[in-house]
Amino acid sequence: LQDGVNVSIDTIVTISSYADTDYDYSAYKNWGAEALDIGGYREYLKAQNVTKQIAVAVLDTGINTAHEVFTDRFLTDSNGIVGYSYYNSTYTYSGYSFEDDRGHGTHVAGIICSLTPSNVKILPIKVMNSYGKGTTTNIIAGVQRVSDVYSSSYTIACANLSLGGGADETSLNAYTSVF
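Residues numbered from 1 in each chain as written. Predicted model: local features only at pLDDT ≥ 70, side-chain atom pairs only at ≥ 80, totals over all residues. Heavy atoms only, no water.

Colleague: Help me out: how do you make sense of the overall build of the chain in this one?
Modeller: For the chain, the helix and strand inventory stands at four helices and nine strands. Reading the secondary structure of the chain in the N-to-C direction produces β-α-β-β-β-β-α-β-β-α-β-β-α. Counting across all 179 residues of the chain, residues that qualify as buried make up 37%. Contacts in the chain between residues far apart in sequence, at least 24 positions, make up 78% of those at least 6 positions apart. (Helix = DSSP H or I, 4+ residues; strand = E, 2+ residues; numbered from the N terminus. Buried < 20%, exposed > 50% of the residue type's maximum accessible area, 1.4 Å probe, protein only. Contact = heavy atoms within 4.5 Å.)

The following block contains the structure:
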């Protein structure tokens, strides 16, 4: 457009996975731990005496807040677990709209919690619905929310987006413009 605004059609993003057979995973319960040299990472953190609370934003299908692996691992404030949802969860038992009704976000956050020290907290951002689908608009809005809202109050170490889908040039440009 003449005023420099780019317009694109929102695209659907879908979660997908594949099996990696390049590593022997017998030393760890989680896929990918050996490939990431988690043992070396833990030793590095121990040597650095890293104890400050940091958060990992998990932008996915939400998180099962009742799962035992997340005990004391969520980013919290006086209102409870800090998080946000762009889709209402079909599970309403906790009162949080970012409950995982697909399982993928819980899986991803569970790996993060089991491979990091207890000072690493999870910030759930539900950008995918109960079918494992979401839009680029909501994903970008989620990234912007982490950057613009939460990073001013919390130390956000990184964001995890284990998402897949069409990778056309317009979508890629939309994502990179957020960063």
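Colleague: What should I look at first to understand the pairing of strand 2 (residues 54-60) in this one?
Modeller: The side chains of a regular strand alternate, first on one face of the sheet and then on the other. The element strand 2 is extensively covered by neighbouring structure, given that six of its seven residues are classed as buried. In this sheet, strand 6 (residues 120-126) lies alongside strand 2 in parallel orientation, the contact comprising seven bridges. Looking at strand 6, one finds that valine 58 is bridged to proline 124. The sheet contact formed by strand 2 and strand 8 (residues 156-160) spans four bridges and is parallel. (Pairing = 2+ DSSP bridges.)

Colleague: Can you help me understand the nonpolar core in this one?
Modeller: Nonpolar side chains in soluble globular proteins tend to end up buried together. If you look at the biggest cluster of nonpolar residues, it comprises 14 residues, and the most contacted ones within it are Leu59, Leu123, Ile125, Val127 and Val146. With near-sequence residues (within four places) excluded, valine 127 lies in contact with Leu59, Asp60, Tyr86, Tyr87, Lys133, Gly134, Asn138, Ile139, Gly142 and Leu163. Core analysis: the next-biggest nonpolar cluster, separate from the first, contains 13 residues, Phe98, Val108, Val120 and Ile122 among them. (Core = buried A, V, L, I, M, F, W, Y, C linked by side-chain atoms within 4.5 Å.)

Colleague: Got a minute to help me understand the sheet that holds strand 2 in this structure?
Modeller: Hydrogen bonds between backbone groups are what pair the strands of a sheet, and the pairing can be parallel or antiparallel. Sheet architecture is open: four strands sit in the order 5-6-2-8, paired in parallel fashion. Every other strand in the sheet has two partners, leaving strand 5 (84-85) and strand 8 as the edge strands with one partner each. Its contacts with the sheet put helix 3 (residues 136-148) on strand 2, strand 5, strand 6 and strand 8, and the angle it makes with strand 2 is roughly 170°. (Axes fitted to C-alpha atoms, helices over the stretch in contact; angles between N-to-C directions.)

Colleague: Is there a simple way to explain the packing of aromatic side chains in this structure?
Modeller: Two measures describe an aromatic ring pair: the distance that separates the ring centres and the angle between the ring planes. Following the criterion strictly, the structure yields four aromatic pairs and no others. Seen from their ring centres, tyrosine 84 and tyrosine 86 are 4.9 Å apart, and the 65° between their planes marks the pair as edge-to-face. We classify tyrosine 84 as partly exposed; its relative accessible area is 30%. With a relative accessible area of 24%, tyrosine 86 lands in the partly exposed category. In this arrangement the basic side chain of arginine 145 is found over the ring face of tyrosine 84, its NZ or CZ atom lying 3.5 Å from the centre. (Phe/Tyr/Trp six-rings, centres within 6.5 Å; stacked < 30°, edge-to-face > 60°. Lys NZ or Arg CZ within 6 Å of the ring centre and 35° of its normal.)

Colleague: Sorry, what's going on with the side chain of threonine 135 here?
Modeller: Within the secondary structure, threonine 135 is located in strand 7 (residues 133-135). Accessibility expressed as a relative area gives 17% for threonine 135, which makes it buried. In contact with threonine 135, other than residues within four places in its own chain, are Asp10, Thr11, Ile12 and Tyr87.

Colleague: Hey, could you run me through the side chain of lysine 126 in this one?
Modeller: Residue position: lysine 126 is located in strand 6. Among the polar contacts listed, one links the side chain of lysine 126 to the backbone oxygen of glutamate 99, at a separation of 3.2 Å. (Polar contact = N/O pair within 3.5 Å; in protein donor to acceptor, adjacent residues only side chain to side chain.)

Colleague: How should I be thinking about the environment of glutamate 99 in this particular structure?
Modeller: Positionally, glutamate 99 belongs in the loop between strand 5 and helix 2 (104-115). When its relative accessible area of 0% is taken as the criterion, glutamate 99 is described as buried. With 34 residues separating them in the primary sequence, glutamate 99 and threonine 65 have C-alpha atoms 6.6 Å apart. Look past the residues within four positions of glutamate 99 in its chain and what remains in contact with it is Thr61, Gly62, Ile63, Asn64, Thr65, Ser89, Tyr91, Tyr93, Ser94 and Lys126.

Colleague: Before we go on, may I ask you to explain the pairing of strand 6 in this structure?
Modeller: Counting buried residues in strand 6 gives seven out of seven residues, a clear majority hidden from the surface. Here two bridges tie strand 5 to strand 6, and the two strands are oriented parallel to one another. Each residue of the ladder has a partner; that of tyrosine 84, found in strand 6, is isoleucine 125.

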